[in-house]
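# Analysis of the macromolecular model
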Amino acid sequence: MEWYFILGIVLGIALVLLVIALVWYLNVSGLYQVLRDSRKRQKRRAKAFEEARKGV
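The notes below deal with the structure included here. (Residues numbered from 1 in each chain as written. Predicted model: local features only at pLDDT ≥ 70, side-chain atom pairs only at ≥ 80, totals over all residues. Heavy atoms only, no water.)

### Some words on the overall build of the protein
A tally of regular secondary structure across the protein gives one helix and zero strands. Compactness check: the protein gives a C-alpha radius of gyration of 24 Å against a globular reference of 10 Å for 56 residues, more than 25% above the reference. Expressed along its principal axes, the backbone C-alpha trace of the protein runs to roughly 80 × 5 × 5 Å. Total accessible area computed for the protein in this model is approximately 5,700 Å², and 69% of it derives from carbon and sulfur atoms. Side-chain charges of the protein comprise 10 positive and 4 negative groups, with the mean position of each set lying 13 Å from the other. (Helix = DSSP H or I, 4+ residues; strand = E, 2+ residues; numbered from the N terminus. Rg over C-alpha atoms; globule rule 2.2 N^0.38 Å. Areas by Shrake-Rupley, 256 points an atom, 1.4 Å probe, with all protein chains shown as cover. Lys, Arg positive; Asp, Glu negative; His and termini not counted. Charge placed at Lys NZ, Arg CZ, Asp CG, Glu CD.)

So, in structure tokens, the structure goes:
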């Protein structure tokens, strides 16, 4: 095999791995955002429920 063929394979693999890492990062950061928002919403509901209970 010629050196430029090997270089092309190495660069191609690196590019594919970079794309895979980017997609994985976007998925994980999106999941983290959803979980964080869900916890905030749950805390707000608990606080509102507690305030409503005190008012009654």
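### Remarks on the packing of aromatic side chains
With the rule as written, the count across this model stands at one aromatic pair. Here the aromatic rings of W3 and Y4 are separated by 6.1 Å at their centres, their planes lie at 80 degrees, and the arrangement is edge-to-face. With respect to class, W3 is no different from Y4; both count as exposed. (Phe/Tyr/Trp six-rings, centres within 6.5 Å; stacked < 30°, edge-to-face > 60°. Buried < 20%, exposed > 50% of the residue type's maximum accessible area, 1.4 Å probe, protein only.)

### Overview of a positive patch on the surface
A contiguous patch of positive charge, built from R36, K40, R41, R44 and R45, is present on the exposed surface. You can see R45 is positioned in helix α1 (residues 3–55). (Patch = residues over 30% accessible without salt bridge, like charges linked within 9 Å, V, L, I, M, F, W, Y side chains within 5 Å. Salt bridge = Lys/Arg side-chain N within 4 Å of Asp/Glu carboxyl O.)

### As for the environment of I20
Positionally, I20 belongs in helix α1. A C-alpha to C-alpha distance of 23 Å links I20 and F5, two positions 15 residues apart in sequence.

### A word on the environment of M1
In this structure, M1 sits in the segment before α1. It is 17 Å that separates the C-alpha atoms of M1 and I13, two residues lying 12 residues apart in sequence.

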